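Here is how the chains run, residue by residue.
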Amino acid sequence: VVTRIAAEVGEMLTAGTAVVSVMSSSQFEIETFIPEADIASIALDNKAEVTLDAYDSDTIFNAYVSFVDPAETMVEGVATYKVLLNFEKEDERIRPGMTANVDIVTANSPNALSIPQRAVIEKDSKRYVRVVHGEETEEVEVQTGLKGFDGDIEILQGLNEGDQIVVFTRG
C-alpha cells in the first residue's frame, strides 16, 4: 500500500531520493530485542500480552512469538536477540510505528501463592520469610518457584494463604 508520494510530476530529483513510501498489507508484527540473560526462556509460540502507548494499559492485544534470531545483536554494548511477535488477530486500532510494551509468558502457575520478592531473605543457601504472629515475628523456611516480572515470587512450601508476612523493615 502506498502511504506517501514525495514528488510532483515533472520535478527534478537526485539519485537516492525517496519518492514513494510503501507499507506491507500483511499482518503487523512487533520486533523486540531480548537480553542474553532472558533469551533461554523464550520459545516459538510463547504467548504474549501487548499494550500500545496509544491506548490505556488495560487495552491488551494478544500476540505470540513467531521468530527468535539464533545470532546475537549488540544493542548499546549488551548482547540481545531479535524476537518477532505476531498479533493473534487483526485489529484496526493497530497502526505502523506504534510503541509496544510486551510481556512474554514463558511459564505460568495458575492459582499460585505469591509474595513480593523483597520479602524473601536468603541465609546459608536457604530462603526464609518473616511471618507475623501477633506482636512477634518468626522466620519460616520457604521453597520458592517462578519469579514474575511484576516483582512477585511463587511460594511452593512454607506459607499458607492468609499468613501475614513482613515485606520490609526500617533500617
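Please refer to the structure higher up on the page.
Predicted, not measured: the structure shown is a model, and the values here were computed from it.

Colleague: Where do I start with the sheet that holds strand β3 (residues 29-35) in this structure?
Modeller: Strand pairing in a sheet takes place through backbone hydrogen bonds and is either antiparallel or parallel in direction. A sheet is described by the order of its strands in space; here five strands give the open sequence β3-β6-β5-β4-β7, paired in antiparallel fashion. On the outer flanks of this sheet lie β3 and β7 (100-104), each paired with one strand and no other. Here the average twist between neighbouring strands, direction ignored, is 40°. Looking at chain direction, strand β4 (residues 47-52) and strand β5 (residues 61-75) are connected through four bridges and run antiparallel. Looking across to β5, one finds that Val50 is bridged to Phe61.

Colleague: I'm lost on the sheet that holds strand β12 (residues 152-157) in this one. Help?
Modeller: If you trace the five strands from one edge of the open sheet to the other, you get β8-β12-β11-β10-β9, paired in antiparallel fashion. Bordering the open sheet on either side are β8 (114-116) and β9 (120-123), each of which pairs with just one other strand. Each strand of the sheet is rotated relative to its neighbour by a mean of 55°, with strand direction disregarded.

Colleague: Please explain the pairing of β4 as it appears in this structure.
Modeller: For a regular strand, side-chain orientation follows a simple rule: the groups alternate between the two sheet faces. Sheet topology places β4 next to β7; five bridges connect them, and they run antiparallel. The residue bridging Glu49 from the neighbouring strand is Asp103, located in β7.

What counts and what doesn't
Residues numbered from 1 in each chain as written. Predicted model: local features only at pLDDT ≥ 70, side-chain atom pairs only at ≥ 80, totals over all residues. Heavy atoms only, no water. Pairing = 2+ DSSP bridges. Helix = DSSP H or I, 4+ residues; strand = E, 2+ residues; numbered from the N terminus. Axes fitted to C-alpha atoms, helices over the stretch in contact; angles between N-to-C directions.

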